[in-house]
Structures are given as C-alpha cells and as structure tokens.
Amino acid sequence: MSVFANSPSMSQAQVLPVVRQPILDRQQALFAYELAFPRGSNTDGSEALTGQTLAAIADGSLKQLVRDNRAFLHVSRELLVSHAETLRQNARLGVCVGPALAGDEEALTTLRWLKASGCLLMLEDFPDDLGEEQRAAFEVLLFIVQYAMVAVDHRDVDAANARIEYIKSFNVKAIATGVDTPEDYARFIDAPVDGFQGKYLLKPERVDVPRMSPSKLGLLRLIGAMNEPNNGPIELGKIIRDDAILSYKLLGCVNSAYFALPRQLKSVEQAAVFFGVNRMRNWISTMALGGMDERPPELLRLALVRAQMCERLASGKPALKEMAFTAGLFSLLDTLMNAPMSYVLEHLPLATEINQVLLENTGPFAPILDQVRQWESGDVTSEEDIHKLAAIYFEAAQWADHVYAFADAVAS
C-alpha cells in the first residue's frame, strides 16, 4: 500500500521523509506538531526535497499526517519565497523559519504577507551573543512571527528565562524546546512559556518508592490476564465481558470503515477468531490504556505508532510480528504508568523476549525498537533506511490516529 493513500502515482522514493514531533501546551494537551526531517534526508533546501514538500502539501498528504491539528514545517528560503501561495492556502500548516532570514528583505516581505493572510509563523532558536546590528535584524523578525523556539537544553535556567522574557516582550509566544527530562520540565513549568517540546514526554518521573493507584493496578491485572498464554477467544471474551466501555471501544474500532470487514463482528470472541488471539490481546491493551486520564493523550499515540512500526519492521518474521507490536506498545508503559519498568513488569506475565527488550534493550526486538527510536529523534542517516521508515511511519501514524480515536472514545 502506498504511504500516500490519496496519491497512488507517488513512488516510495518520493515519500516525504518527515516525522511529527508534538508540542504540548501548559495543560499537556497537543498544541501543534513540528514536522521535522531526519538528519540524513538532505534538508538543506535542495530542489528534490522542495519538490517533495510541495507535492505533500498540494495533495493533502501532510494533512493526513497531522489530521486537523496545527503543524509547523521548517522551510528553506527558496520554498518560502518561491511557493508562498502554496503555503498560504494551507491554514493549519504553519511556517518555521531560521534566523538566517534576518535582514533578508524579500523573505521578510513574504513573511509579512503570509502573516496578513492568516499563516502561523515560528522562529527557530537563535544565538545569545548577538551584536547590536544583528540584534536589530532579529528584532524585525520577532515583530513578524507569532511564536519562537527557546532551546533550554544548552542554556542554564537563568539564561533560558532571560531569553523567554526577551521574546515575550515582543508579544511572541515562547516554545521551550530540548525539554528532555521530567526534571527539565519541572524547572520550566513556572516560566512564562506557552508550550513544551522534547523527550521528557517519553520518560517517567523519578520516584523513590514506586506506587500505583488502584485503577492502574486494575488495568495491569486486566492486561496480565489477557496475556496468559492459554487464553483463547472465549477466555478473552469472558475477561472483558463485564467492561461495557472497553467492549464498546473495541468493537467500534474493529467494525469501522478503516478495516472494511466483509461482515460486522458482534462480540469479542468473534473478533478474536477473525483477527487472531494475539492481535486481539494487543488491541484490547490499547483500548484499556486509552482510559487513562492523567497522562498526556499524545503519549498513547506515540506508543501506538511505535507498536505499529515495530510490527511492520518485523514483517519478514511472521512469528514475531504481533510480539513486536506488544514490545513497541509497552516500550512506553513505564511512562504511561509513571513507574519504573521493572516494577510495572512485575504485574505482567509477558514473554521472555518482550521482557528482555523492555528491561535490558536486548533480544530479537531490540534492533527493531532502536530503529523506531532513531526515527523518532531524527537520527536516521542512511537514505535507504529513511525511505523505508518514512513509508512505514506515515502509515503507522494514520493507523494510530484511527485506533486512538476509539481508545479515547466514551460509550454513549
């Protein structure tokens, strides 16, 4: 299946190599996605990448990736100036520009026109040690953009706060980037920033004594019961029979138009027979995790994308596919539960191979999960790997968004 479902003529080589990285607001809800390119994808504004970007904008492929959310795409000067009309026509797609545009009158004129047309503009981080003339040029940019990034991973707290206050003085909203640990997040939660981005979302907070609420323990018991190796379709049906909401979510998902089933499935038992017991275990786990309210919703989406990518990357090994899905989904279980992984896994009877990768990053699933993590962080450098992972990622993200919509649903 083509990664661009609406563009069957587009070859895999033309798939835009882009990953969506969430920016969360102060309430930890999704504010926007930053659309970032892997480091090895020749992101210097080349003609080929510009053409791919324009094609993805024009045919709606980028919109498929971000749904109806805001998204900021890094654009070169060439793309900005030569194709401003294309950018203007996509209201939810914001433009992220680099500090090199300071003093570039043609680029500044284009940015003003885009802003007047309703386009959202974000400025990438810029150096602290600016001369008076350079600072004046940057301030022209700050009078135009609505948002600006502030990297907090290479600044101390005082320097970062000074930069935030400086940006806010131009009535520009500040997005803290490089927030890579829960401790980083805690240091800047009281700062006047409007959004956070970084790896902190993927890491649990440090706790001296692991504890979980009764609801979380109940959820783990449910997942543990489903993963008992001798359970078949009838046993899975019995396990969730009394949970009307969970059954509602699961059956709503499997009967949706996305899967185009030849007939409607009316019970968990039927679904387990049709899709297979292992796949149904994975989907029930997904629906159950969707009931957790205290963690950022985007976290479960990330776990679902990981799960689907791991399954696709294990496609050459049929016996491992569904276990790979479990490994990807549960790779963020410590963060979802906000407890150490070793403590969480004490409550789950998982296969040895899954425990190996979750606790030690060893075993058959470790290389697969490492590939996915490298893609998430933009560290893929091989052009061949970039093209392969871009296609897998795009489809995984669409699948995850569809399934999450049911996991997050409330029975009516």
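Up top is the structure.
As a starting point, this report considers the structure included with it.

Check the secondary structure of the protein chain and you find 20 helices and eight strands. Going through the 412 residues of the protein chain one by one, you find that 53% of them count as buried. As displayed, the protein chain has an accessible area near 18200 Å², and 50% of this comes from carbon and sulfur atoms. Taking the 38 positively charged and 52 negatively charged side chains of the protein chain as two groups, their mean positions are separated by 7 Å.

All right, on to the packing of aromatic side chains then. The full count for this structure, using the stated rule, is 15 aromatic pairs. Ring geometry for F31 against Y147: centres 5.4 Å apart, planes inclined by 50°, an arrangement best described as tilted. With F31 in strand β2 (residues 30–36) and Y147 in strand β6 (residues 147–151), this residue pair connects regions lying 116 residues apart in the sequence. Taking relative accessible area as the criterion, F31 reaches 13% and is therefore assigned buried. Y147 sits in the buried class, given a relative accessible area of 8%. Ring geometry for F259 and W283: centres 5.1 Å apart, planes at 40°, overall tilted. With F259 in the loop between α11 (244–254) and α12 (268–275) and W283 in helix α13 (residues 277–289), this residue pair connects regions lying 24 residues apart in the sequence. Grouping residues by exposure puts F259 and W283 together as buried. Taken together through their ring pairs, the aromatic side chains of Y258, F259, F274, F275 and W283 make up a single cluster.

Our next topic: the packing of helix α14 (residues 297–313) against helix α15 (residues 321–330). Orientation of α14 relative to α15, taken along the N-to-C sense of each, is 155°, at an axis distance of 7 Å. By the angle between their axes, α14 is roughly antiparallel relative to α15. Every pair of crossing elements has a handedness; the one defined by α14 and α15 is right-handed. Touching A303, L304, R306, A307, Q308, C310 and E311 of α14 are K321, E322, A324, F325, G328 and L329, all from α15. Residues of the contact of α14 with α15, tallied by class, amount to seven nonpolar, two polar and four charged.

Attention now moves to the pairing of strand β7 (residues 173–177). The buried count for β7 comes to four of five residues, which makes it a mostly enclosed element. Relative to β7, β6 is paired through five bridges, and the arrangement is parallel. Bridging from a neighbouring strand, A148 pairs with A174 of β7. The parallel pair β6 and β7 is bridged by helix α7 (residues 157–168), and the resulting crossover is right-handed. Here β7 runs beside strand β8 (residues 195–196); their pairing, made up of two bridges, is parallel. Bridge pairing links I175 to G195 in β8. Running through helix α8 (residues 182–188), the crossover from β7 to the neighbouring parallel element β8 is right-handed.

L35, M280 and L289 are the most contacted members of the largest nonpolar core, which totals 138 residues. Ranked by the residues each element gives to this core, the list is headed by helix α20 (residues 383–407), at 13 residues. Ignoring any residue separated from it by four or fewer positions in sequence, one finds L289 in contact with L219, I223, L300, L329, L333, L336 and M337. In terms of nonpolar packing, the next biggest core, distinct from the first, is built from 10 residues, I23, F31, C96 and Y147 among them.

Conventions we followed
Residues numbered from 1 in each chain as written. Predicted model: local features only at pLDDT ≥ 70, side-chain atom pairs only at ≥ 80, totals over all residues. Heavy atoms only, no water. Helix = DSSP H or I, 4+ residues; strand = E, 2+ residues; numbered from the N terminus. Buried < 20%, exposed > 50% of the residue type's maximum accessible area, 1.4 Å probe, protein only. Areas by Shrake-Rupley, 256 points an atom, 1.4 Å probe, with all protein chains shown as cover. Lys, Arg positive; Asp, Glu negative; His and termini not counted. Charge placed at Lys NZ, Arg CZ, Asp CG, Glu CD. Phe/Tyr/Trp six-rings, centres within 6.5 Å; stacked < 30°, edge-to-face > 60°. Axes fitted to C-alpha atoms, helices over the stretch in contact; angles between N-to-C directions. Parallel < 35°, antiparallel > 145°, perpendicular 65-115°, else oblique. Left-handed = near helix turned anticlockwise from the far one by under 90°. Contact = heavy atoms within 4.5 Å. Nonpolar A, V, L, I, M, F, W, Y, C, P; charged D, E, K, R; others polar. Pairing = 2+ DSSP bridges. Right-handed = clockwise from strand over helix to strand, strands pointing away. Core = buried A, V, L, I, M, F, W, Y, C linked by side-chain atoms within 4.5 Å.

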